[in-house]
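Remarks on the overall topology
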Amino acid sequence: TADEPWLDEALTQYTSLLYEEDFEDPASGWDVYSEDTTWAEYVAGEYALAVLEPYMVTWGNPEDDWFGNFEIEVEARQVEGPLDNNFGLLVRYQP
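On a predicted model such as this, the values are computed, not experimentally measured, just so you know. (Residues numbered from 1 in each chain as written. Predicted model: local features only at pLDDT ≥ 70, side-chain atom pairs only at ≥ 80, totals over all residues. Heavy atoms only, no water.)

1. Notes on the side chain of Thr 58
Turning to its location among the elements, Thr 58 is positioned in the segment after strand E3 (46-51). For Thr 58, a relative accessible area of 15% gives the class buried. Not counting residues up to four positions away in its chain, the partners in contact with Thr 58 are Tyr 33, Thr 38, Leu 49, Ala 50 and Val 51. (Helix = DSSP H or I, 4+ residues; strand = E, 2+ residues; numbered from the N terminus. Buried < 20%, exposed > 50% of the residue type's maximum accessible area, 1.4 Å probe, protein only. Contact = heavy atoms within 4.5 Å.)

Following this line, the structure appears as structure tokens:
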């Protein structure tokens, strides 16, 4: 507000993005791998993960962006496979 410039500065600090990824650049730093049972790669502006065998799990990590507490928004979808599967976010993981 005009009467409290410190408030505008504080709100800007806490509402700016810490990290944003659109996966258009395959060199942006997320894991890319291909194994016998799982893979991860950039595909047409998306980050894709695949599990090729039952009872397996996979994930991808960003290169160096680690944050403390944060709010996260993600768009995710299942492309193929049985509907009795799970997908989501894994947070506070430390490799």
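Moving on from the model shown.
2. Considerations on the side chain of Asn 61
When you line up the elements, Asn 61 lands in the segment after E3. In contact with Asn 61, not counting residues within four places along its chain, are Gly 29, Trp 30, Asp 31, Tyr 47 and Tyr 93.

3. Topic: the sheet that holds strand E2 (residues 38-43)
Read from one edge to the other, the open sheet built from three strands follows the order E1-E2-E3, with strand pairing classed as antiparallel. Since the sheet does not close on itself, it has two edges, and those belong to strand E1 (33-34) and E3, each with one partner. The pairing of E2 with E3 spans six bridges and is antiparallel. Following the sheet pairing, Tyr 42 is matched in E3 by Tyr 47. (Pairing = 2+ DSSP bridges.)

Keep in mind that these numbers describe shape and distance, not what the molecule does.
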